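Structure at a glance
The chain contents come next:
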Amino acid sequence: MEKWGRKCAYCGAEQTPLEIEHIIPRSKGGSNRVNNLTLACVPCNQKKSSRDVNEFLAKKPEILKKILGQAKASLRDAAAVNSTRWKLYETLKSYGFPVEIGTGGRTKFNRRTQGFKKAHWIDAACVGESGEHVAIPHLKPLLIKCMERGNRKACKTDKYGFPNKWRTRQKVFFGFQTGDMVIAHVLTGKHTGVYVGRVSMRKSGQFCLSIGRDTEGKKEKKDGLHRRFFRTLQRQDGYSYGF
């Protein structure tokens, strides 16, 4: 499915039932090896029947060339993942851990039976026998993103690439470090309110707080907030958290 883009190799049809198709028919000496298999929708599979692919696509040389080229594409990445997966499973099992396995079809059945929408994290909850009955009350996962821990650049540059600002070697100011998760109770000024986000510290004590993204997807920040408004929720650990 991944190799052929989840669509018919002959007509490009998507979101339709697909069948395994032998590029060189079995009746003409074709094998069941993966490099002789592709995907076809029901009409194309029936239309091709037992004809040779060169005959079937004689008037569509570009599609023929693409299929023959794609058929030789290596699946070494999938093979490596499969080998690693089974080795991991067998190793965990040998230690006595309660490990189970499942199939994509079983996961999809569990998800649909329980009326959940399609999402990777929901599929993860619906895997295998234990995924038959799962409680996902709010459909609101915790999002964890790996973040950088700092910046090694000694200076900032202008639009021409010349240094115009120098970074301090000090990481902590007034008990805060860039990347700390904080809550800010701003009592005065144009930014009055309560905010939660990641802080960017400055030695002046006027910090910048990243509080998420606006409706257009741009990062939303509150700049120039005095340090007295801040309280640390979690020290910088290389990750950001949200819902």
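Scroll up a little and you will see the structure.
Since the model is a prediction, treat every value here as computed from it, not as a measurement.

Focus: the overall build of the chain
Within the chain, the secondary structure is distributed over six helices and 13 strands. For 243 residues, the compact-globule estimate of 2.2 N^0.38 gives 18 Å, and the C-alpha radius of gyration of the chain, at 28 Å, exceeds that figure by more than 25%. If one aligns the C-alpha atoms of the chain with their principal axes, the spans along those axes are about 80 × 55 × 35 Å. Per-residue burial for the chain yields a buried fraction of 26% across its 243 residues. Intrachain contacts of the chain at a sequence separation of at least 6 include 44% that bridge at least 24 residues.

Comments concerning the pattern of salt bridges
Here the structure, examined in full by the defined rule, presents six salt bridges. Between R6 and E2 there is a salt bridge, with its nearest N and O atoms 2.8 Å apart. Of the residues examined, E2 reaches a relative accessible area of 63% and is grouped as exposed. Connected through salt bridges with shared partners, the residues R111, K118 and D123 form a single ionic network.

Concerning a nonpolar patch on the surface
Judged by side-chain polarity, L142, I144, Y239, Y241 and F243 come together as a nonpolar surface patch covering roughly 540 Å² of accessible area. Assignment of secondary structure puts Y241 in strand β13 (residues 239-242). You can call Y241 partly exposed: its relative accessible area is 32%.

Observations regarding the nonpolar core
Grouped together as the largest cluster of nonpolar side chains are 15 residues, with contacts concentrated most on W4, C8, Y10, I23, V53, L57 and I67. When residues of this core are traced back to their parent elements, those giving at least two are β2 (37-41), α2 (53-56) and α3 (61-71). When neighbours within four sequence positions are excluded, V53 is seen to be in contact with Y10, I23, K48, L64 and L68. Listed in part, the 13 residues of the second largest apolar core include A184, V186, V199 and F230.

So, the environment of E220
With respect to the helices and strands, the residue E220 is situated in strand β11 (residues 219-226). C-alpha of E220 to C-alpha of S210: the two residues are ten residues apart in sequence and 6.0 Å apart in space.

Focus: unusual backbone geometry
The phi dihedral of R6 is positive, around 60°, even though this residue is not glycine. For R6, the position within the fold is in the segment before β1 (18-22). Note on R6: relative accessible area 45%, which makes it partly exposed. With a phi angle near 55°, Q15 is a residue other than glycine that sits in the positive phi range. The topology assignment puts Q15 in the segment before β1.

Regarding helix α5 (residues 104-113)
For α5, the complete set of buried residues consists of T107, N110 and R111. One side of α5 holds all its buried residues, which, seen down the axis, span an arc of 95°. Among the exposed residues of α5, those pointing more than 90 degrees away from its buried face are G105, F109, R112 and T113. Each element contacted by the buried residues of α5 is listed here: α6 (120-125). Directly after α5, the chain includes G115, whose backbone phi takes a positive value near 75°.

Thoughts on the pairing of strand β9 (residues 193-200)
Within a regular strand, side chains alternate between the sheet's two faces. Across six bridges, strand β8 (residues 181-186) lies against β9 in antiparallel orientation. Within the sheet, the bridge partner assigned to A184 lies in β9 and is Y195. Between β8 and β9, which pair antiparallel in sequence order, lie six residues; one of them, G189, sits at a positive phi of approximately 90°.

Criteria and cut-off values
Residues numbered from 1 in each chain as written. Predicted model: local features only at pLDDT ≥ 70, side-chain atom pairs only at ≥ 80, totals over all residues. Heavy atoms only, no water. Helix = DSSP H or I, 4+ residues; strand = E, 2+ residues; numbered from the N terminus. Rg over C-alpha atoms; globule rule 2.2 N^0.38 Å. Buried < 20%, exposed > 50% of the residue type's maximum accessible area, 1.4 Å probe, protein only. Contact = heavy atoms within 4.5 Å. Salt bridge = Lys/Arg side-chain N within 4 Å of Asp/Glu carboxyl O. Patch = residues over 30% accessible without salt bridge, like charges linked within 9 Å, V, L, I, M, F, W, Y side chains within 5 Å. Areas by Shrake-Rupley, 256 points an atom, 1.4 Å probe, with all protein chains shown as cover. Core = buried A, V, L, I, M, F, W, Y, C linked by side-chain atoms within 4.5 Å. Arc of directions from axis to C-beta. Pairing = 2+ DSSP bridges.

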